[in-house]
Amino acid sequence: MKIARDLAEALGDSELVSIARATEEQLSPGRDIVGIVFPVYAWGPPPVVIRFLNKVSISSDKYVFAVCTCASSAGGTLMMARKQLSAKGITLSSGFVIPMPTNYIMWGEALPEEKQKDMFAKAFANGDRKFTLNETCNSCGICEKVCQVGNIEMKNGKPNWLHSCEQCLACLQWCPQEAIQVGRKTAGRKRYHHPEIKASDLMQCSNWKAESGI
């Protein structure tokens, strides 16, 4: 419920609807964007969510996203939800998993309070937590300028990620020094961006340009 409330506040002009208590009218939402937020039970959607997905009716022109919370692994939860919606002609446009403290006491007790607070703080800030920078960075600032959501700020000549990453990976793909990595798997991998698109094209429409007043 906390994640749903936070999302509604961030999106603005949103209506929160209980999955368990949705009325017939609410099962056919008229909004352009519809988000379905629910916890993971045993690596899948809870039965109440499955029943909801079987009844909900959303027209094909709507943008539908799902957010599930879990303690360890979401397993195939989002795939299951997508399959159910697809059977009804509904496209799941995107899906997200947010780790949260476990409350399944039959498998163990609650996490220490400090650990819980840490997880809450990171709930919407996981997108760039594995980004690293190696010694080849020459402080050119291209990463900051191509970020479409203004998630990179140069500090002391080095990029600093601000935890609002949407994982487009433009910073990594456009770094001329290949100095930006994500985890341990991207080093040495060939980068890609469309040959007819230049970094300056991205800079023209990035949030950096708007915020810098250029």
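Attention in this report is confined to the structure presented alongside it. The shown structure was predicted, so the numbers you read here are calculated from the model rather than taken from an experiment.

Cut-offs and rules
Residues numbered from 1 in each chain as written. Predicted model: local features only at pLDDT ≥ 70, side-chain atom pairs only at ≥ 80, totals over all residues. Heavy atoms only, no water. Disulfide = S-S within 2.5 Å. Buried < 20%, exposed > 50% of the residue type's maximum accessible area, 1.4 Å probe, protein only. Core = buried A, V, L, I, M, F, W, Y, C linked by side-chain atoms within 4.5 Å. Helix = DSSP H or I, 4+ residues; strand = E, 2+ residues; numbered from the N terminus. Contact = heavy atoms within 4.5 Å. Axes fitted to C-alpha atoms, helices over the stretch in contact; angles between N-to-C directions. Parallel < 35°, antiparallel > 145°, perpendicular 65-115°, else oblique. Left-handed = near helix turned anticlockwise from the far one by under 90°. Nonpolar A, V, L, I, M, F, W, Y, C, P; charged D, E, K, R; others polar. Phe/Tyr/Trp six-rings, centres within 6.5 Å; stacked < 30°, edge-to-face > 60°. Pairing = 2+ DSSP bridges.

**What about the state of the cysteines?**
- Taken as a whole, this structure holds zero disulfides when the rule is applied.
- Among the cysteines around Cys68, which has no disulfide bond, Cys70 carries the closest sulfur, lying 6.0 Å off.
- Residue class for Cys70 comes out buried when judged on its relative accessible area of 8%.

**Let's talk about the nonpolar core**
- With 21 residues, the main nonpolar core has Ile36, Phe38, Phe52, Leu53, Val56, Val64 and Leu85 as its most contacted residues.
- Taken together, the elements giving at least two residues each to this core come down to strand 1 (33-39), helix 2 (47-55), strand 2 (63-70) and helix 3 (77-87).
- Of the residues forming this core, the biggest block, four residues, is contributed by strand 2.
- For Val64, the residues in contact, after removing those within four places along its chain, are Val34, Ile36, Ile58, Leu85, Ile90, Thr91, Leu92, Ser93 and Ser94.

**A short note on the packing of helix 2 against helix 3**
- In contact at an axis separation of 8 Å, helix 2 and helix 3 are set at 25 degrees when each is read in the N-to-C sense. Between helix 2 and helix 3, the angle falls in the class roughly parallel. The two elements helix 2 and helix 3 meet at a crossing, and its hand is right-handed. In this structure, helix 2 uses Ile50, Leu53 and Asn54 to contact helix 3, whose residues at the interface are Ala81, Gln84 and Leu85.
- Of the residues contributing to the contact of helix 2 with helix 3, the split by class is four nonpolar, two polar and no charged.

**Overview of the side chain of Thr186**
- Its location among the elements puts Thr186 in the loop between strand 7 (180-182) and helix 7 (199-205).
- For Thr186, a relative accessible area of 15% corresponds to the buried category.

**Regarding the packing of aromatic side chains**
- Per the stated rule, a full pass over the model turns up one aromatic pair.
- Measuring from ring centre to ring centre gives 5.3 Å for Phe131 and Trp161, while their planes differ by 50 degrees; the resulting arrangement is tilted. Taken together, the residues Phe131 in strand 4 (residues 131-133) and Trp161 in strand 6 (residues 158-161) connect sequence positions 30 residues apart.
- The class of Phe131 is buried, set by a relative accessible area of 9%.

**Focus: the sheet that holds strand 2**
- A sheet is described by the order of its strands in space; here three strands give the open sequence 1-2-3, paired in parallel fashion. Every other strand in the sheet has two partners, leaving strand 1 and strand 3 (94-99) as the edge strands with one partner each. On average, each strand axis in the sheet is inclined to that of its neighbour by 20 degrees, with strand direction left out of account.
- Here helix 1 (residues 2-11) sits on the sheet in contact with strand 1, strand 2 and strand 3, set at roughly 145 degrees to strand 2.
- Across the sheet, helix 3 is in contact with strand 1, strand 2 and strand 3; its angle to strand 2 comes to roughly 150 degrees.

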